[in-house]
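Each chain, letter by letter, is given below.
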Amino acid sequence: MSHLYQLQKKIVSLNNLVQEISALKSQNKKIVFTNGCFDILHKGHVQYLSLAADKGDVLVVGLNSDASVKRQGKGDDRPINNFDARATIISALGFVSFVVEFDDETPEKLIQEIQPNVLVKGADYDPNETDKNSKKYIVGRDVVLSKGGTVEVIDLVQGYSTTSIINKLSGSK
């Protein structure tokens, strides 16, 4: 089996992911979920995803569609890399089990479908925040907690962000 094929089979539809997760849960595998744009992969992303993977047996990365990245208001030129490019790069990380696209504003429906054991976000979020209107609220926390799962945060690596890389390349800062 080629290496490229191995990467491509990690990028799955929601229907296929639900089937895969069901089989893995029947084997008592601990499912970890996180999400993001991961537009220009950098050290902060890799460290974050590797630490997320350490929290269970299977890491599922929900990846924003190109349209949902644009709706986030990050700029007219975002995403820099399209979904296929971002998904291929994320799937190349050995500790990532699956990459699944979502087009909604949030991954809430995705989380409801796969019901992970652990939901992970960066430490700029608060796992105890219950106000859904707060920028620190972790979408999907109620679903995960209601099923006996946990919601955890990981410290971000200071000095690394896609925006800072773009600004550096454009000479803005």
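Relevant structure appears above.
Bear in mind that the values here come from a model prediction, so they are computed numbers and not experimental data.

### What about the overall build of the protein?
Then, number 1: Looking only at helices and strands, the protein features 8 helices and 6 strands.
Then, number 2: Going from the N terminus to the C terminus, the protein shows its helices and strands as α-β-α-β-α-β-α-α-β-α-β-α-β-α.
Then, number 3: Rg of the C-alpha trace for the protein: 16 Å, near the compact-globule value of 16 Å for 173 residues, within the 12% margin.
Then, number 4: Taking the principal axes of the C-alpha coordinates as reference, the protein spans close to 50 × 45 × 25 Å.
Then, number 5: By the burial criterion, 39% of the 173 residues in the protein qualify as buried.
Then, number 6: Contacts in the protein between residues at least 24 apart in sequence constitute 74% of all its contacts with a sequence separation of at least 6.
Then, number 7: Accessible surface, the protein: about 9400 Å² in total, of which carbon and sulfur atoms supply 47%.
Then, number 8: Taking the average place of the 21 positive charges on the side chains of the protein and the average place of its 21 negative ones, the gap between the two points comes to 3 Å.

### Let's talk about the pattern of salt bridges
Then, number 1: Under the criterion given, the structure shown has 8 salt bridges.
Then, number 2: Note that Lys-55 and Glu-152 form a salt bridge whose closest N and O atoms lie 2.9 Å from each other. Here Lys-55, found in the loop between helix 3 (43-53) and strand 3 (58-64), pairs with Glu-152, found in strand 6 (residues 150-154); they are 97 residues apart in sequence, far enough to count as distant.
Then, number 3: Judged by relative accessible area, which is 26%, Glu-152 ranks as partly exposed.
Then, number 4: Note that Lys-132 is salt-bridged to Asp-142, the shortest N-O span being 3.7 Å. Taken together, the residues span a long stretch of sequence, with Lys-132 in the loop between strand 5 (118-122) and helix 7 (141-146) and Asp-142 in helix 7 at a distance of 10 residues.

### Here's the deal with the environment of Arg-78
Then, number 1: Note that Arg-78 resides in the loop between helix 4 (66-71) and helix 5 (83-91).
Then, number 2: Using a relative accessible area of 4% as the deciding quantity, one classes Arg-78 as buried.
Then, number 3: The spacing of Arg-78 and Asp-66 is 12 residues in sequence and 8.1 Å in space, taken between C-alpha atoms.
Then, number 4: A polar contact is formed between the side chain of Arg-78 and the side chain of Asp-39, at a distance of 2.7 Å.

Rules behind the numbers
- Residues numbered from 1 in each chain as written.
- Predicted model: local features only at pLDDT ≥ 70, side-chain atom pairs only at ≥ 80, totals over all residues.
- Heavy atoms only, no water.
- Helix = DSSP H or I, 4+ residues; strand = E, 2+ residues; numbered from the N terminus.
- Rg over C-alpha atoms; globule rule 2.2 N^0.38 Å.
- Buried < 20%, exposed > 50% of the residue type's maximum accessible area, 1.4 Å probe, protein only.
- Contact = heavy atoms within 4.5 Å.
- Areas by Shrake-Rupley, 256 points an atom, 1.4 Å probe, with all protein chains shown as cover.
- Lys, Arg positive; Asp, Glu negative; His and termini not counted.
- Charge placed at Lys NZ, Arg CZ, Asp CG, Glu CD.
- Salt bridge = Lys/Arg side-chain N within 4 Å of Asp/Glu carboxyl O.
- Polar contact = N/O pair within 3.5 Å; in protein donor to acceptor, adjacent residues only side chain to side chain.

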